[in-house]
Amino acid sequence: MQQENVESSLMQEDKKYNQLTALKLFAMTSSMVISVNELAPFGKTGPTALFYLLLAGIIWFIPITQIAGEMASIDGWDKGGIFTWVKGSLGDKTGWTAMFYQWIHITVGMNTMMYVIIGALSITLNTPWFNTTPWIRFLLMMIIIWTITLVEMVGVKRIGRIAVWLFGLGIALPVVLLIAAFLVYVAQGKQLYLHINFNTVLPHHLNGNTLVAFVPFMLAFCGGEASAPHVKYLEKPKSYSKVMIALAATAICFDLLGSMAIGMSVPKSQIENSTGFVYTFGHLLDSIGLPGDLLQKIIGILLACGIIGELGNWLAGPSQGMFEAAKEGYMPKFFAKSTKRDVPMRLIVLQTIIVSISALLITFTSGTNADFAFNVSLAATTAQYLMVYILMLISYIVLKIKHQNLERSYYMSKSPVISIIVAIVALIITVVAFFISFLPAQGTPMHLRGAYVLTMIGLCLIVTILPLVIYHFHHPAKVEKVYEDSTGAIDEE
């Protein structure tokens, strides 16, 4: 009895310490979904970016967020996110596999984010060799990711508070200023390099290039469900679904306006994926008579800080779900330990090590071609995350068919038939996009196309096989709750 009281007291203390408002959860989730990483590639796509964003946002992203909201609202499914949801419908092995996919996919995706940070700093500090010298780029990546890892020890509540500020100053503000500068640019009658009308927005040919161009637009909307493990800390858990709806609307607007501002004001040949946002900002300010060089540097610093906040949330979010799996014996007991602030630091450190290894491989394989490294990271992240959504959508369909009796506080639709149809459409789009992601991105040099495809296949095969091997040797036994303080000392309850 005394032990149960102690555990209950610890749980209440943990919940109080990490409690989140809907605004903080929105900021944390927004920094996972709303990003400037893809705005430059979208701008290079041309007018069809408008069609692709609306298609991916409305037909795919909104259903995904609503499905996540419904699954997270089921009694007993509020902890563990993807792991709990898929396990509840498809069983232990599939639940563990989905959680592993979500947790490990971002190890490559973090490289994409860091390439943008380094690109922004290369313009801000007038050091282009940051972006073209592999060993310097790798060294900067290691400084960024390991510093963020140390900061994770402060806990969910403080990470959420940091996320509010970094998202506002480093993501939202730069995008809003970019859009404002672009509107002034248009009002002054400056040259536009894209023209949006019915003929230019719709793709006229369905071929490999068209399909490859569409897939990254889905990645722009990935991650809405990653903060679901934090729903247990919400002051009002039922507000989760409203946060997801607000997120969908905000993400679509930001990506539409931001990418069009870049694509319409800068010639396609001058847009680079890792530096395109900051370069466009400086170009727009110079064109409308403002000191572009100085303000560009300020925006570069703000942008770098915003993406650093995004990286912090991606380390914290999926690791919470993996921590639940570790406590149930799906990983060695070593990883089922947390700090007194309920931060699974051992899992976060493991993830950072994997990020470092993938950064080493991709950075040095690409040499001085920064855009190739960016494109491989983007495609691999997309493919691996789509594997998560394939399992999630299948589990939701099974949930609606076999487990309608489970209590939940939110429904995507009161009609099971409509819910299943929406999920099937999203599943078809996801499966098609997964296979398309293996085609080399447009502009990939011929001598690197083979390396592109082999890297993609190798990464996906490793990610597919590894969780099955780990599961084969797992021992499903509930692990005692263990706390580790910042000095490494262990306290067991």
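Residues numbered from 1 in each chain as written. Predicted model: local features only at pLDDT ≥ 70, side-chain atom pairs only at ≥ 80, totals over all residues. Heavy atoms only, no water.

A few words on the overall build of the protein. Helix and strand content of the protein: 18 helices and 3 strands. If you take every contact in the protein between residues at least 6 apart in sequence, the share linking residues at least 24 apart comes to 81%. (Helix = DSSP H or I, 4+ residues; strand = E, 2+ residues; numbered from the N terminus. Contact = heavy atoms within 4.5 Å.)

A few words on unusual backbone geometry. Its identity is not glycine, yet asparagine 126 carries a phi of approximately 55°, on the positive side. Locating asparagine 126 in the fold gives a position in the loop between helix H6 (92-124) and helix H7 (129-132). Given a relative accessible area of 59%, asparagine 126 falls into the exposed group. (Buried < 20%, exposed > 50% of the residue type's maximum accessible area, 1.4 Å probe, protein only.)

This part is about the packing of helix H5 (residues 82-90) against H6. Viewed as axis vectors pointing N to C, H5 and H6 meet at an angle of 155°, and their least axial separation amounts to 7 Å. Judged on the interaxial angle alone, H6 and H5 are roughly antiparallel. The crossing of H5 and H6 is right-handed. For the pair H5 and H6, the contacting residues are Ile82, Phe83, Val86, Lys87 and Leu90 in the first and Asp92, Thr94, Gly95, Trp96, Ala98, Met99 and Gln102 in the second. Taken together, the residues of the contact of H5 with H6 sort by class into 7 nonpolar, 3 polar and 2 charged. (Axes fitted to C-alpha atoms, helices over the stretch in contact; angles between N-to-C directions. Parallel < 35°, antiparallel > 145°, perpendicular 65-115°, else oblique. Left-handed = near helix turned anticlockwise from the far one by under 90°. Nonpolar A, V, L, I, M, F, W, Y, C, P; charged D, E, K, R; others polar.)

What follows covers the confidence of the model for the protein. Mean pLDDT over the protein: 79, with 85% of residues reaching 70 or higher. Mean pLDDT values over the elements of the protein span from 40, in strand E3 (residues 490-492), up to 92, in helix H17 (residues 416-436). Predicted confidence is poor over residues 478-493, with pLDDT under 50, and the contacts of this stretch with residues over four places away or in other chains come to 40 contacts. (pLDDT = per-residue confidence, 0-100.)

We now examine the packing of helix H4 (residues 48-72) against H17. At a closest axis distance of 10 Å, the pairing of H4 and H17 adopts a crossing angle of 125°. Considering the angle they form, H4 stands oblique to H17. For the pair H4 and H17, the crossing hand works out as left-handed. Two secondary-structure elements touch here, H4 through Ile59, Trp60, Pro63 and Ile67 and H17 through Val422, Ala423, Val425, Ala426, Ile429 and Thr430.

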